[in-house]
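# Examining the three-dimensional arrangement
Chain residues, written in single-letter form:
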Amino acid sequence: MKKLFLHIALFFSWICFSQNEQLAQYFYEKGDFEKAKLGYEELLKSIPQNSQYFLRTIDCYQQLQQYDLAEKTIQTRYSKYKQAFLLVEMGYNWQLQKNEAKAKSYYEQALESIRKNPNEVYGVANAFEKKVILEYAVKAYQTAAELDATFNFNYQMALLYGQLGKTDLMITTFLDEAFINPQNSNLIQHQLSRYMSDESDTSFSDSLKKALILRTQKDQDIFWNQYLSWFYVQQKEFGKAFIQEKAIYKRNPESLAEIVSLGQMAIEEDQTEAATEILGYVLENTKNLETLIQANTYLIEMKLAKAKPADFIAIDTQLKSLLQQFEINPFTLKLQLIQAHFTAFSLKKPEEAKAIITKALALPLNDYQIANAKMELADIFLFEEKYNQALLYYSQIELDLKNDVMAHEASLKAAKTSYFKTDFDWALKQFKELKSANTQLIANDALEYFLLINDNTVADSTQTALKQFAKGDYLMYQKRNDEAIAHFQKMLQQFKGQEIEAVTLLRLGKLYETTGNYTLALQQYQAIIAQHSDGIYIDEGLFFAAELYVKYLNDPEKAKPLYEKMIFNHQDSIYFVEARKKFRQLRGDKNL
């Protein structure tokens, strides 16, 4: 029984102590340092050895300008524990009183303590960093490293050099560390990337490039070729990265995986010329079946992305030739699904396409391969307006791969199917759930459709315009672009001035882009900018118009003010980061 009462007493004591700590922290964060001081003094009496309580108490004294009390408390603790970092605290207390001479005296004593015992560096350097006394923090690390060769503080010193604006020293120190400890390369590259994307220092990328080029010239280790390749990838200069990757491969021809990956990244950035060269090199230098299939798949996907009807016969022939060469097996599943999609959506032969997938599903496939095949089959059923069959297969994927990205994608497609059917109530519920999906692309897509349905239902309870708009979207899905253009043009006349007008202009703009009519596309975006500047599609209007000027209309000067408006007026847009980067490119910034 006595033990029980003891445990109960200890339990309530712990609860009381925890509440006191939370209260002290609350007042501290609120800036009520008088009350916070009283709280931390009590806590420090309970646990005198607690450094956090001690430092918070000192900070409260200093915030209240009670410097004598802070000095006395620090001195008492130093006399008891002899912790070197307390010398930094004492120096900082004098610094706050504008007595630089006394502050420096204590900082030098802290460094001297490291000379006597190099292990003191951790507490001392950390104290300097917390007080943002960065030059002394660097000296602390340097002092310890000079005394004990086992110490390596390159990473910490490089970060400090960066904060001090000594970027050349930071680069040198980071690169030295990366070479000594390659396992830290990813961490270092992350830090370098932050500076490369920092608008405040446009010379950083040039300095880093020069440093890397010098190292590749002085040292023949392929490590530096790899680092230079990484740098060029960050700059989206895939051709230059390819030169480095070729040099690496010639000296170490074990795998072409990095070059294949580089080709894939070039495709993602729409640099088809560089991607074609890179993947062509892969085909010339491998006999590995998997690599050959992968490279050919990427190349055919690139062709399909820009294909016109006149190209269809040649592409169809090439697909059949590739599948004859590599045969129908699980390794060529992606090629088979590409062929099925092309046959249905481009050649308009859905029955043949479904036969291709049915044959693929008879192969010994894993769960993800089966899901991919079913997804394509569902897409083709949707193409045929067989909504229920499409929904059935999308539902199977959702059940088979619960919480997987592919399941979320199937959910999104199922929601779009309901939307195409004009079952807007059900579609809205699905899009609302998918707005919070982990995958950003799915979340953005779901948000777009949620706003489309919600806004146009509020504006028109009969959903007349929305039904017509869904019909146009479905024509786009089927790649019946000419019919979709005619449909949306008719909508602009029928629903002029209504809520649906802005998004209709947006759809027409994208359709004109797809068909290569860039002047007409620009007109749609300009109409959004002029007539719907306070609407939710203004950021798309600005961004897509700017992109047209840069990519197709060869008039980048007209793009600049459009990107600039995006940067200053639409920071919450999903296109903001890209618009900022493009604006800086046009402005001539070296650091991108």
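To be clear, the structure that these remarks concern was listed above.
Below, the structure is looked at part by part. (Residues numbered from 1 in each chain as written. Predicted model: local features only at pLDDT ≥ 70, side-chain atom pairs only at ≥ 80, totals over all residues. Heavy atoms only, no water.)

## Quick look at the overall build of the protein chain
- Along the backbone of the protein chain there are 32 helices and 0 strands.
- Referenced to the eigenvectors of the C-alpha coordinate spread, the extents of the protein chain come out at roughly 90 × 65 × 65 Å.
- When the 592 residues of the protein chain are sorted by exposure, 47% land in the buried category.
- Just so you have it, the protein chain exposes about 31300 Å², and 51% of that area is on carbon and sulfur atoms.
- Both charge centroids of the protein chain, one from 67 positive and one from 76 negative side chains, sit 2 Å from each other. (Helix = DSSP H or I, 4+ residues; strand = E, 2+ residues; numbered from the N terminus. Buried < 20%, exposed > 50% of the residue type's maximum accessible area, 1.4 Å probe, protein only. Areas by Shrake-Rupley, 256 points an atom, 1.4 Å probe, with all protein chains shown as cover. Lys, Arg positive; Asp, Glu negative; His and termini not counted. Charge placed at Lys NZ, Arg CZ, Asp CG, Glu CD.)

## Quick look at helix α25 (residues 440-459)
- With 20 residues, α25 extends 28 Å from end C-alpha to end C-alpha; this agrees with the ideal 28 Å at 1.5 Å per step.
- Three or more residues of α25 are buried, namely Ile442, Ala443, Asp445, Ala446, Tyr449, Phe450, Leu452, Ile453 and Asn456.
- Looking at the buried positions of α25, the neighbouring elements they touch are α23 (405-420), α24 (424-434), α26 (464-477) and α28 (501-514). (Expected span 1.5 Å × (residues − 1). Contact = heavy atoms within 4.5 Å.)

## Points about the pattern of salt bridges
- Throughout the structure, instances matching the rule amount to 28 salt bridges.
- In this structure, lysine 35 engages aspartate 32 in a salt bridge whose closest nitrogen and oxygen atoms are separated by 3.8 Å.
- Classification of aspartate 32 as partly exposed rests on a relative accessible area of 24%.
- The closest approach of N and O atoms between glutamate 483 and arginine 480, which form a salt bridge, is 2.7 Å.
- Accessibility expressed as a relative area gives 28% for arginine 480, which makes it partly exposed.
- Counted as one network, the salt bridges with shared partners bring together Glu547, Lys551, Glu578, Lys581 and Lys582. (Salt bridge = Lys/Arg side-chain N within 4 Å of Asp/Glu carboxyl O.)

## Focus on the packing of aromatic side chains
- Using the criterion set out here, one finds 41 aromatic pairs in the structure.
- With 5.9 Å between their ring centres and 65 degrees between their planes, phenylalanine 543 and phenylalanine 544 make a pair best called edge-to-face. The exposure classification of phenylalanine 543 matches that of phenylalanine 544, with both residues buried.
- Among the aromatic residues, ring-to-ring pairing joins Phe345, Phe383, Tyr387, Tyr419, Phe420, Phe424, Phe431, Tyr449, Tyr474 and Tyr477 into one connected group.
- Against the face of tryptophan 94 rests lysine 102, its NZ or CZ located 4.1 Å from the ring centre. (Phe/Tyr/Trp six-rings, centres within 6.5 Å; stacked < 30°, edge-to-face > 60°. Lys NZ or Arg CZ within 6 Å of the ring centre and 35° of its normal.)

## Regarding unusual backbone geometry
- Positive phi, normally seen in glycine, also occurs at glutamate 327, with a value near 70 degrees.
- Glutamate 327 gets classed as exposed once you look at its relative accessible area, which sits at 54%.
- The phi angle at asparagine 403 is positive, at roughly 65 degrees, despite the residue not being glycine.
- Examined against the element boundaries, asparagine 403 turns out to sit in the loop between α22 (387-400) and α23.
- The exposure class of asparagine 403 is exposed, given its relative accessible area of 73%.

## Quick look at the environment of arginine 215
- If you trace the backbone, arginine 215 turns up in helix α12 (residues 204-218).
- Here arginine 215 is in contact with Thr172, Leu175, Asp176 and Trp224, once residues within four sequence places are set aside.

## Considerations on the side chain of threonine 417
- Relative to the assigned elements, threonine 417 resides in helix α23.
- Since its relative accessible area comes to 0%, threonine 417 is described here as buried.
- Setting aside chain neighbours within four positions, we find threonine 417 in contact with Leu382, Tyr387, Leu391 and Tyr394.

## Considerations on the packing of helix α15 (residues 257-268) against helix α17 (residues 289-305)
- Taken N-terminus to C-terminus, the directions of α15 and α17 make an angle of 15 degrees; their axes are 11 Å apart at the nearest point. Comparing the axis directions of α15 and α17 gives the class roughly parallel. In this structure, α15 crosses over α17, and the sense of that crossing is left-handed. Each of Val260, Gln264 and Ile267 in α15 lies in contact with α17, whose residues at this interface are Thr291, Gln294, Tyr298 and Met302. (Axes fitted to C-alpha atoms, helices over the stretch in contact; angles between N-to-C directions. Parallel < 35°, antiparallel > 145°, perpendicular 65-115°, else oblique. Left-handed = near helix turned anticlockwise from the far one by under 90°.)

## A look at the environment of leucine 492
- Along the chain, the position of leucine 492 falls in helix α27 (residues 481-494).
- Along the primary structure leucine 492 and arginine 584 are separated by 92 residues, whereas in three dimensions their C-alpha atoms are 36 Å apart.
- In contact with leucine 492, other than residues within four places in its own chain, are Glu501, Thr504, Leu505, Leu508 and Gln524.

## Some remarks on the side chain of serine 418
- Looking at where serine 418 falls in the secondary structure, it is placed in helix α23.
- Those residues in contact with serine 418 that sit more than four places away from it in its chain are Asp423, Trp426, Ala427 and Gln430.

## Points about the packing of α26 against α28
- Two elements in contact, α26 and α28, have axes whose closest approach is 11 Å; the angle formed by their N-to-C orientations is 15 degrees. It follows that α26 is roughly parallel to α28 by the angle criterion. As α26 runs across α28, the sense of the crossing is left-handed. Listed contacts from α28 to Phe469, Asp473 and Met476 of α26 are Val503, Thr504, Arg507 and Leu511.
- Each residue belonging to the contact of α26 with α28 can be placed in one class, and the counts come to 4 nonpolar, 1 polar and 2 charged. (Nonpolar A, V, L, I, M, F, W, Y, C, P; charged D, E, K, R; others polar.)

## Some points on α23
- Under the 1.5 Å per step criterion, the end-to-end length of α23 is 23 Å for 16 residues, consistent within 8% with the ideal 22 Å.
- With 12 of its 16 residues buried, α23 lies for the most part within the structure.
- Among all positions in α23, only Met406, Ala407, Ala410, Ser411, Leu412, Ala414, Ala415, Lys416, Thr417, Ser418, Tyr419 and Phe420 are buried.
- Looking one or two places after α23, you find threonine 422, whose phi comes out positive at around 65 degrees.

## Points about the environment of methionine 90
- As for its position among the elements, methionine 90 is in helix α5 (residues 85-96).
- When the C-alpha positions of methionine 90 and lysine 102 are compared, they lie 9.1 Å apart, and in sequence the two are 12 residues distant.
- With sequence-adjacent residues up to four places away left out, methionine 90 is seen in contact with Glu71, Ile74, Gln75 and Tyr106.

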